[in-house]
Every structure is written in structure tokens, then in C-alpha cells.
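In case you want the letters, here they are:
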Amino acid sequence: MASTIIIYEGDGTTTDFTVPFDYLKKSFVTVRLGTGNTLTGGDYGDTGSDYYFLDKTTIRLKVAPASGESLTIRRYTSATERVVTFKDASILKATDLDTSQVQALHIAEEGRDIRGISQRGDHRRSGHVQDRERKDEADRRKMQSHGDDTGTSSFAGSEAERK
């Protein structure tokens with residue numbers, strides 16, 4: 001199972017769910033119902049949001065997912081929003097260096113997990129992965145129609161035809 005993604009199945013009553021992975025900021029945790037309804041999250045005890053954090057490892061949904069409905073909790077660490085910034089002539093602290101390294105590690109783990117989901121054929125893949133797979137399938141069919149059924153490219157068409 002992926003280390004930055006957890007998928008629960010709703011039972012119609014459970015509202016508390018475990019966040020089984022580390023994260024640097026609560027805003028890096030996303031919660032999605034079904035295949036596309038991303039919920040809004042709040043800080044500890046913020047009952048005005050779709051969900052809020054009870055503690056570092058537990059979220060509470062305002063409304064329990066319906067029986068059989070999937071609930072995906074996923075970490076999306078920002079690659080552009082630095083958790084730690086460094087300035088010239090400032091003192092380097094070990095905790096700041098560690099946090100900066102953890103941010104890079106989290107981004108790499110998330111990339112690995114997205115790739116792993118794509119390779120396993122999980123039907124709950126994110127939209128951009130599904131779009132890429134549709135394009136790959138169309139390219140494969142085009143190559144097969146030109147006599148290449150191995151899945152490797154011997155297609156000699158123009159650049160525009162390959163896209």
C-alpha cells in the first residue's frame with residue numbers, strides 16, 4: 001500500500017479517520033469523497049469546514065461518507081511553497097535543514113506512490129494519471145495500426161501525427 005495515500009470505505013456512520021503518514025503542514029493533506037469531491041479542511045476543532053483535525057493523526061468529517069463511498073486521504077506536499085527558507089548570513093539550524101530535507105523526501109515519496117498506483121491499474125487513480133493513460137493507449141493503438149504490435153515505437157509518421 002502507498003505510504004502517502006490511504007483509501008477508506010464509508011459505512012454511513014464513521015466520521016473519524018486516521019491519517020497514517022507524516023506531513024509538514026495540514027494544508028498538504030487532502031481529503032476526497034468518491035472520485036472527485038475534494039473536501040475543505042480546517043484547523044483543530046474548526047467545525048465550519050467539511051473536516052477538521054482532532055489531532056496530528058486523526059481527522060473528523062462533518063458528515064460520514066455513505067456506505068460504500070470511498071474516502072481518500074492523501075498527502076500533496078507543495079514543491080513551490082517552501083516550509084523553510086534560508087537567507088544569506090543567517091544561522092543554519094539542524095531542524096531547518098532537516099525540515100527542508102523532509103519536504104524533498106515527501107515530494108519524492110508522493111511521486112513514487114502516484115507511479116505505483118498507475119502501474120497497479122488502480123481504478124481510483126487521479127484524473128491527470130487517467131488522462132495520460134488514455135493518451136498512451138491511443139498512441140499504442142496507432143502504432144499497432146501501423147504494423148507494430150509490440151508496444152515499442154517504430155512509427156515513422158510526422159511529429160504532428162505522433163501527438
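Anyway, here's the lowdown on the structure attached to this text. Keep in mind it's a predicted model, so treat the numbers as computed, not measured.

## Regarding the overall build of the protein chain
Point 1. Helices and strands together make up the secondary structure of the protein chain, namely three helices and eight strands.
Point 2. Each helix (α) and strand (β) of the protein chain, taken in turn from the N terminus, gives the series β-β-β-β-β-β-β-β-α-α-α.
Point 3. Taken across its 163 residues, the protein chain has 29% of its residues classed as buried.
Point 4. If you sum the accessible surface of the protein chain, you get close to 10500 Å²; carbon and sulfur atoms cover 50% of it.

## Notes on the environment of leucine 61
Point 1. Take leucine 61: it is sitting in strand β7 (residues 58-61).
Point 2. Classification of leucine 61 by relative accessible area gives buried; the value is 3%.
Point 3. Residues leucine 61 and tyrosine 51, spaced ten residues apart in sequence, show a C-alpha to C-alpha distance of 4.2 Å.

## Some thoughts on the side chain of histidine 106
Point 1. Its place among the elements puts histidine 106 in helix α1 (residues 94-120).
Point 2. With relative accessibility at 5%, the residue histidine 106 sits in the buried group.
Point 3. Those residues within four positions of histidine 106 in sequence are excluded, and the remaining contacts are Asp22, Tyr23, Leu24, Arg75 and Thr77.

## Here we look at the pairing of strand β8 (residues 70-75)
Regular strands show a simple pattern: their side chains alternate between the two faces of the sheet.
Point 1. The buried fraction of β8 amounts to six of the six residues, a majority that puts the element mostly inside the structure.
Point 2. Covered by surrounding structure in β8 are Ser70, Thr72 and Arg74 together with Leu71, Ile73 and Arg75, the residues of both alternating faces.
Point 3. Inspection of the sheet shows strand β1 (residues 5-9) paired to β8 by five bridges, in the antiparallel sense. Paired with isoleucine 5 across the bridge in β8 is arginine 74.
Point 4. Bridge count between strand β3 (residues 29-33) and β8: five bridges; the pairing is antiparallel. Its bridge partner being in β8, arginine 32 is matched across the sheet by threonine 72.

## Re the pairing of strand β6 (residues 51-55)
Point 1. Strand direction decides the pairing type here: strand β5 (residues 41-42) and β6, joined by two bridges, are parallel. Within β6, the position partnered with glycine 42 by the bridge is tyrosine 52.
Point 2. As defined by bridge partners, β6 adjoins β7 across four bridges and the pair is classed as antiparallel. Note on β7: the bridge partner recorded for tyrosine 52 is arginine 60.
Point 3. Between β6 and β7, which follow one another and run antiparallel, lie two residues.

Rules of the game
- Residues numbered from 1 in each chain as written.
- Predicted model: local features only at pLDDT ≥ 70, side-chain atom pairs only at ≥ 80, totals over all residues.
- Heavy atoms only, no water.
- Helix = DSSP H or I, 4+ residues; strand = E, 2+ residues; numbered from the N terminus.
- Buried < 20%, exposed > 50% of the residue type's maximum accessible area, 1.4 Å probe, protein only.
- Areas by Shrake-Rupley, 256 points an atom, 1.4 Å probe, with all protein chains shown as cover.
- Contact = heavy atoms within 4.5 Å.
- Pairing = 2+ DSSP bridges.

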